[in-house]
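Chain by chain, the residues:
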Amino acid sequence: MRFWKMNGAGNDFVVLNNLEEHLPPEVLPQVARTLCERHLSIGADGLMVVDAPTQGGDYKMLFFNSDGSAGEMCGNGARCICRYGYENGLAGEVQTVETTAGIVIGHRVTERLYRVRLNDPTTVKLDYPVEVGGVTYDCAYVELGNPGLPHAVVPYPDLKNADWNELRELGRKLRWHAVFPKGANVNFYEITGEDAVYERTFERGVEDFTYACGTGTGSVVTVLTLQGKVSGRNVKVDMTGGQLIIDVERDGSRITDLFLTGPTNIVAKGEVTDEDLCLAK
């Protein structure tokens, strides 16, 4: 079984081409859990699977978190899979990618830089306070696509100097909070300058902080744009793994287009030989 290992701003993935491998859908969660375990296998935040299109796209992207749960979409993953699609002749420089949350359009900017139009914000609640341990946090809530990928957006002063153990525990409590019926990716942020933001995301399905989160970045900038705190144009978001750029097109209070631009990296190409991997149905 052939694989690519890729990352987008440190958000890393194992990529499989199911047009060639023909793995049955029911084994993919187990494949994700096995291959994404960093100490015992290749290691990644998630598994991305290229499959045959069913809605007129160039191909379908299936995404699984490292715990084997299916994800509606992944922004950094979409950028990486667009590069995979281009370099494997599955699509041209402009690509139509089918995801569980809807169609995503990708653009090749340079050899390593890719831009994707994220799924539309289908739910935006700018005032969504959440209480944890007697403290009320000034959250906002965003879902991208349909079914919606859920994101909590949480301002956090002096985020760069936060105690990461304390922040991880808060992220875990917010991620599982009852006010988020589907759970939520929890995006902590602080504004660091004009159209400049620092962000850390506690990701659902990874159950920890990742080096970057593309849909989380888009959700944060969606909220800040509607609140008038950033312009929505060329907003630079720094994370542990690097910098992502978000551009927002709006019509009053409605977001019409949401674009994510950032780097991709092909880390390795090879053959899976993991002897613990079980492909039985």
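Bear in mind the structure is a predicted one, so any value in this text is a computation, not a measurement. (Residues numbered from 1 in each chain as written. Predicted model: local features only at pLDDT ≥ 70, side-chain atom pairs only at ≥ 80, totals over all residues. Heavy atoms only, no water.)

Asker: How would you explain the environment of D274 if you had to name every residue and give the values?
Answerer: Note that D274 resides in the segment after β20 (265-271). On a C-alpha basis, the gap between D274 and T34 in space is 8.5 Å, while along the polypeptide they are 240 residues apart. Not counting the four nearest positions on each side in its chain, D274 is found in contact with T34, L35, L40 and S41. A distance of 2.8 Å separates a polar atom in the side chain of D274 from the backbone nitrogen of D276. (Helix = DSSP H or I, 4+ residues; strand = E, 2+ residues; numbered from the N terminus. Contact = heavy atoms within 4.5 Å. Polar contact = N/O pair within 3.5 Å; in protein donor to acceptor, adjacent residues only side chain to side chain.)

Asker: Let's hear about the pattern of salt bridges: which residues, and what values?
Answerer: Taken as a whole and assessed by the stated rule, the structure comprises 15 salt bridges. Between R117 and D120 there is a salt bridge, with its nearest N and O atoms 2.6 Å apart. We classify D120 as partly exposed; its relative accessible area is 33%. Look at the salt bridges and you will find they share partners, linking K5, D12, R38 and D45 into a network. (Salt bridge = Lys/Arg side-chain N within 4 Å of Asp/Glu carboxyl O. Buried < 20%, exposed > 50% of the residue type's maximum accessible area, 1.4 Å probe, protein only.)

Asker: Mind laying out the pairing of strand β6 (residues 94-99), listing which residues take part and the relevant values?
Answerer: Consecutive side chains along a regular strand alternate between the two faces of the sheet. In this structure, strand β4 (residues 59-65) lies alongside β6, joined through two bridges in parallel fashion. Paired with Y59 across the strands is V97, a residue of β6. The pairing of β6 with strand β7 (residues 102-108) spans six bridges and is classified as antiparallel. When the bridges of β7 are listed, V94 appears paired with H107. (Pairing = 2+ DSSP bridges.)

Asker: Give me the lowdown on unusual backbone geometry, citing residues and values where you can.
Answerer: Cis geometry marks the peptide bond from N146 to P147; its omega dihedral reads 5 degrees. Checked against the element boundaries, P147 lands in the loop between β12 (140-144) and β13 (149-155). The phi torsion at E207 lies on the positive side, around 60 degrees, for a residue other than glycine. Looking at the element boundaries, E207 is found in the loop between β15 (196-203) and β16 (208-210).

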